[in-house]
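Here are the chains, one letter per residue:
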Amino acid sequence: MTIINVSNSAQFQAALGRAVGGDTIVLAGGNYGSGWISNKDFSANVTIKSASLNNRAHFDNLQVTGSSNLRFEGLDIGHSATSHDSASTIYARVGASDNIKMVGITFHGSADHNPRNDGMGLVVSGADNFQLIGSSFRDLNRGASI
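Residues numbered from 1 in each chain as written. Predicted model: local features only at pLDDT ≥ 70, side-chain atom pairs only at ≥ 80, totals over all residues. Heavy atoms only, no water.

Chemist: Any details on the overall build of the protein? Residues and values, ideally.
Modeler: Across its full length, the protein holds one helix and 16 strands. For a compact globule of 146 residues, the expected C-alpha radius of gyration is about 15 Å, and the protein comes in at 14 Å, within 12% of that figure. Each principal axis of the C-alpha distribution contributes one length, and for the protein these read about 45 × 30 × 25 Å. Taking all 146 residues of the protein together, 45% fall into the buried category. A separation threshold of at least 6 residues defines the contact pool for the protein, and within that pool the share at least 24 residues apart is 65%. As displayed, the protein offers around 6,800 Å² of accessible surface, 46% of which is attributable to carbon and sulfur atoms. Of the side-chain charges in the protein, 10 are positive and 11 negative, and the distance between the mean point of each set is 3 Å. (Helix = DSSP H or I, 4+ residues; strand = E, 2+ residues; numbered from the N terminus. Rg over C-alpha atoms; globule rule 2.2 N^0.38 Å. Buried < 20%, exposed > 50% of the residue type's maximum accessible area, 1.4 Å probe, protein only. Contact = heavy atoms within 4.5 Å. Areas by Shrake-Rupley, 256 points an atom, 1.4 Å probe, with all protein chains shown as cover. Lys, Arg positive; Asp, Glu negative; His and termini not counted. Charge placed at Lys NZ, Arg CZ, Asp CG, Glu CD.)

The following block contains the structure:
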């Protein structure tokens, strides 16, 4: 069980590449842009979490596909509406994955108190053993579709 501390997107992707079951990837506060996790099958949970809940690690988008045994904790996911966004824009997606847990995640749109110009916080499809615990949704056209 190794703790891997990262502070930017490139370090995060490198940490995912070398992580093994039981490891924890700790994200310093800051913007990690779009996170893509694909075909990562771990033998036990790999935890990806913010170092601090007062300065959460932020992802504009987070996509998890074809992966297993991931636990996300204390992340901030979403972004302000852009000209390319619509009500069908998805900020976080979990698909074709197994044993994914999201704990204390904040899903949000543009924070302008107008959910009509924002997308969907979370879409989960084709996932087994998915858990969403103690998370919040705000300023979204639709919070979640599971």
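Chemist: Summarise the nonpolar core; cite the residues concerned and give the values.
Modeler: By size, the foremost hydrophobic cluster in this structure holds 32 residues, and its most contacted members are F12, I25, L27 and F72. Excluding residues that lie within four positions of it along the chain, I25 makes contacts with I4, V6, F12, A15, L16, A19, V46, T47, I48 and K49. (Core = buried A, V, L, I, M, F, W, Y, C linked by side-chain atoms within 4.5 Å.)

Chemist: I'd like a description of unusual backbone geometry, backed by residues and values.
Modeler: With phi around 55°, N99 is a residue other than glycine that occupies positive phi space. Backbone geometry places A111, a non-glycine residue, at a positive phi of 60°. The partly exposed category is assigned to A111, whose relative accessible area is 43%.

Chemist: Kindly report on the pairing of strand β10 (residues 90-95), identifying the contributing residues and their values.
Modeler: Within β10, five of the six residues are buried, which leaves it mostly tucked inside the rest of the structure. One ladder, built from four bridges, connects strand β7 (residues 61-65) with β10; its direction is parallel. Pairing of V64 across the sheet is with V94, part of β10. Sheet topology note: the β10/strand β13 (residues 120-125) ladder contains five bridges and is parallel. By the bridge assignment, G95 is partnered in β13 with S125. (Pairing = 2+ DSSP bridges.)

Chemist: Quick rundown of the sheet that holds strand β6 (residues 57-59)? Include the residues and the values.
Modeler: Picture the strands of a sheet paired through backbone hydrogen bonds; they go either parallel or antiparallel. In spatial order, the strands read β3-β6-β9-β12-β15; together these five strands make up an open sheet with parallel pairing. In the strand order of this sheet, the two ends are held by β3 (30-31) and β15 (136-138), each with one partner. The pairing of β6 with strand β9 (residues 76-78) spans two bridges and is parallel. Within β9, the residue paired with F59 across the bridge is I77.

Chemist: Go over the side chain of S97, please, and point to the residues and values.
Modeler: Locating S97 in the fold gives a position in the loop between β10 and β11 (98-103). At 2.9 Å, the side chain of S97 and the backbone oxygen of G95 are in polar contact. (Polar contact = N/O pair within 3.5 Å; in protein donor to acceptor, adjacent residues only side chain to side chain.)

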